[in-house]
Amino acid sequence: MDIWNFAEYAAWAVSGILAIIIVLDWIRIDTTYSSEVLTSSREGEIEAMTEEHRL
Amino acid sequence: MTRYVPPKQSRFGQILDVAILLLLTIGALYIPLWLGFAGSTLVGESPQNPTWESLGQNPVMVEQWNGLGFTDASAASEIISSRFNYSFSVIELLVMIVVVIGYYALILRFSEKEYRDVIDEKFNGQ
Amino acid sequence: MSQLNDTAIGAKVDAAVTASEKVGLLRVLGPAHVWALGVGIVLVGEYMGWNFAVGKGGAYAALIACWFAGLLYTCVAMIDSEVTSTVAAAGGQYTQAKHIIGPLMAFNVGLYLVFAYTMLEAANAITVGFLIDTVAAMTGHEGLDQRPFIILAIMFLAWLNYRGVLATLTFSLVITAVAFSAILVLFVATSPVFGDSPWRHADLVTDLPYGWLGVLAAMHFGLWFYLGIEGTTQAAEEVRSPARALPFGTLAGIMTLLIAATLTWYVCVGLMPWEYLGQSGVPLFDAARLSGSMGLMVLLGIGTMFATLASANGCINDASRAWFAMGRDHYLPAWFGAVHPVYRTPYRSIIFLVPIALIFALGAPLDQVITFSILSGLLTYTFMPLNIILFRRKWPLDTIKRGYVHPFHPLPALALLCLCAVAFFAIFLGYGSQLVAMLSFYIVVSLWFHFRRYRYVHRAAQFTMPWPKPRGY
């Protein structure tokens, strides 16, 4: 066992923790908000507000 | 011009579509690997008992090889004497040209058809 | 109207969001982030991969390929800047194709983008593993398990991307700046400015070992000097003023890369015999090794690591934007078109692409993954000239306002088309069967989209730009 073996275990552990954080947050968000709100983003909305293509 | 109303896709259908795409992608990457015709090959055998001179290396080159950790000529001879094989058949080249042009022609044709629908509904509809 | 200041736009958008309970991506980025996104993805190409062009055709062939590829990408950047300063939405070239050529082209372009970036991300993760293994071996530890480090790199960057775009690209900005400075430092430190220079160009640079065919073949990896710079357009929906920031960031990016590529070439061919350079895994690190300075070695080691991380980071950002945009239009299941209500990122797309990247990073050989990425990129570049020609034809200059108008049309488009043909030939020389396999894949997927998937797509609703009707329809 040297420092590199510890580094391997540490990398496994941190990867696992990050994965758990992401998945937990994902589940929390999907159960808190309705899918209508989550998928309400529309392309080009901002352009329609800020730019008028008239010359 | 009637407005096209798409059907609502079921959860199962959504998963199925993603699975199909994934399968095709992995297939495209791994099938050439399995069939074993992937990658370009290096040819040329390294000479017996090479010296730096017989490999065509001048003193400065030898110095750099040493700096890179190749202390004698035989260690570096494989790297120095291998070459890519750039020969190809004209038939293969023609096949590739046909496939590339055919692919873009197919896409542009179908796209144009779909695009006309879109423009028609957007600007001539309602 | 483009004179509207950023805060006014921000306030307007925020008001719209709260009023209708809608969540969209956040407009927080500036031109520097655009530069970091573009250069960050690409700069890793100077640290590894470009040198295979030297192996394909010798030192001069690599330089010619570097400049011709630079020309190709300058055309790409100019064309892209014009279209994207007008079509400012996530999805970049995908959204452009949708508005200008048609849905099937858009679907294909979206897939090119996702695959080019996801494969590049996988290649970067493989390189991170290789680098850590190299460092471990130098300290006397043999047989390091690379997998946890590959997974960690992807997980960490995915988490960063999940948490918000501003932090993600600020991170990219910092590490990209460090990696770029490392190249400059290496160049200056090894130059004759400080006395004895280790450069030996006169003795090391040889004639073309394969003749001119080698120069053509070198174009394959010549693309690697710049591959990914077109990704700047993916940020379009998240920059504060796309019409100004995108052209500026993209064109500044291509200039940075031209400088970095030429310096890298000059330093490396002046230090290594071309046969070695042509197969080296980490050429700039090797160059630092040959300079004999420990400080330079550490600096270039860090630079290599940072460049790979910045690249993977930008790739996650871009691939998820393209996947998200396709989901939002129902080209892919609508489920992917979701935005995180707190972090305002396309979180489901980010999550979905993590296992895909892992499959390729852990299961496929590096040169295959790189070729898959290069091919997808090349298909995108071939689409661009078609795109700009049709754009100018359907909406001539006097019909809609552009943030940037590229000069000498249609010369850049035609030049780009010719250079793409050369690049196709170069890939054909080494990887002809992959090329055909990939195109078969795209043909099958296109048929699937046209005859099955497209029925779930709203027709008029996908045309979102406030443009007049195109000419000729």
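About the criteria used
Residues numbered from 1 in each chain as written. Chains lettered and ligands numbered in written order. Predicted model: local features only at pLDDT ≥ 70, side-chain atom pairs only at ≥ 80, totals over all residues. Heavy atoms only, no water. Patch = residues over 30% accessible without salt bridge, like charges linked within 9 Å, V, L, I, M, F, W, Y side chains within 5 Å. Areas by Shrake-Rupley, 256 points an atom, 1.4 Å probe, with all protein chains shown as cover. Salt bridge = Lys/Arg side-chain N within 4 Å of Asp/Glu carboxyl O. Helix = DSSP H or I, 4+ residues; strand = E, 2+ residues; numbered from the N terminus. Axes fitted to C-alpha atoms, helices over the stretch in contact; angles between N-to-C directions. Parallel < 35°, antiparallel > 145°, perpendicular 65-115°, else oblique. Left-handed = near helix turned anticlockwise from the far one by under 90°. Contact = heavy atoms within 4.5 Å. Nonpolar A, V, L, I, M, F, W, Y, C, P; charged D, E, K, R; others polar. Buried area = accessible area lost by both parts, 1.4 Å probe. UniProt positions renumbered as here; feature names shortened; annotations may be inferred.

Draft legend 1. The arrangement of a nonpolar patch on the surface in detail. All names here are of chain C. A cluster of nonpolar side chains, contributed by Val174, Val178, Met294, Val298 and Ile302, occupies part of the molecular surface with about 420 Å² of accessible area. Elements with a minimum of two residues in the nonpolar patch: α8 (165-190) and α14 (294-328). By residue number, the principal contributor to the nonpolar patch is α14, which donates three residues. Structurally, Val178 is set in helix α8.

Draft legend 2. Focus on the packing of helix α4 (residues 59-84) of chain C against helix α10 (residues 212-222) of chain C. Residue and element names in this part refer to chain C. Taken N-terminus to C-terminus, the directions of α4 and α10 make an angle of 55 degrees; their axes are 8 Å apart at the nearest point. Here α4 lies oblique to α10, going by the angle between them. When the axes of α4 and α10 are compared, the crossing they make is right-handed. Contacts between α4 and α10 pair Ala61, Ile64, Ala65, Phe68, Ala69 and Leu72 from the former with Trp212, Gly214, Val215, Ala218, Met219 and Gly222 from the latter. Taken together, the residues of the contact of α4 with α10 break down into 10 nonpolar, two polar and no charged.

Draft legend 3. Local environment of the interface of chain C and chain B. On the chain B side, the residues contacting the 93 residues of chain C number 64 residues. Note on chain C versus chain B: buried area summed over both sides is about 7100 Å², and carbon and sulfur give 73% of it. Seen at the junction of chain C and chain B, the total is two salt bridges. One salt bridge connects C:Arg453 with B:Asp17, and the closest N-O pair in it is separated by 2.4 Å. The dominant element in the side of chain C that touches chain B, judged by the number of residues it contributes, is helix α17 (residues 411-451) of chain C, at 22 residues. Among the residues making up the side of chain C that touches chain B, the classes are represented as 61 nonpolar, 18 polar and 14 charged.

Draft legend 4. View of the UniProt feature "transmembrane region" (unreviewed entry) in chain B. All names here are of chain B. This chain's UniProt record puts "transmembrane region" (unreviewed entry) on residues 12-35 and 86-106. Secondary structure across residues 12-35 comprises 100% helix and 0% strand; the distance between its end C-alpha atoms is 33 Å. Measuring from the first to the last C-alpha atom of residues 86-106 gives 30 Å, for a span that is 81% helix and 0% strand.

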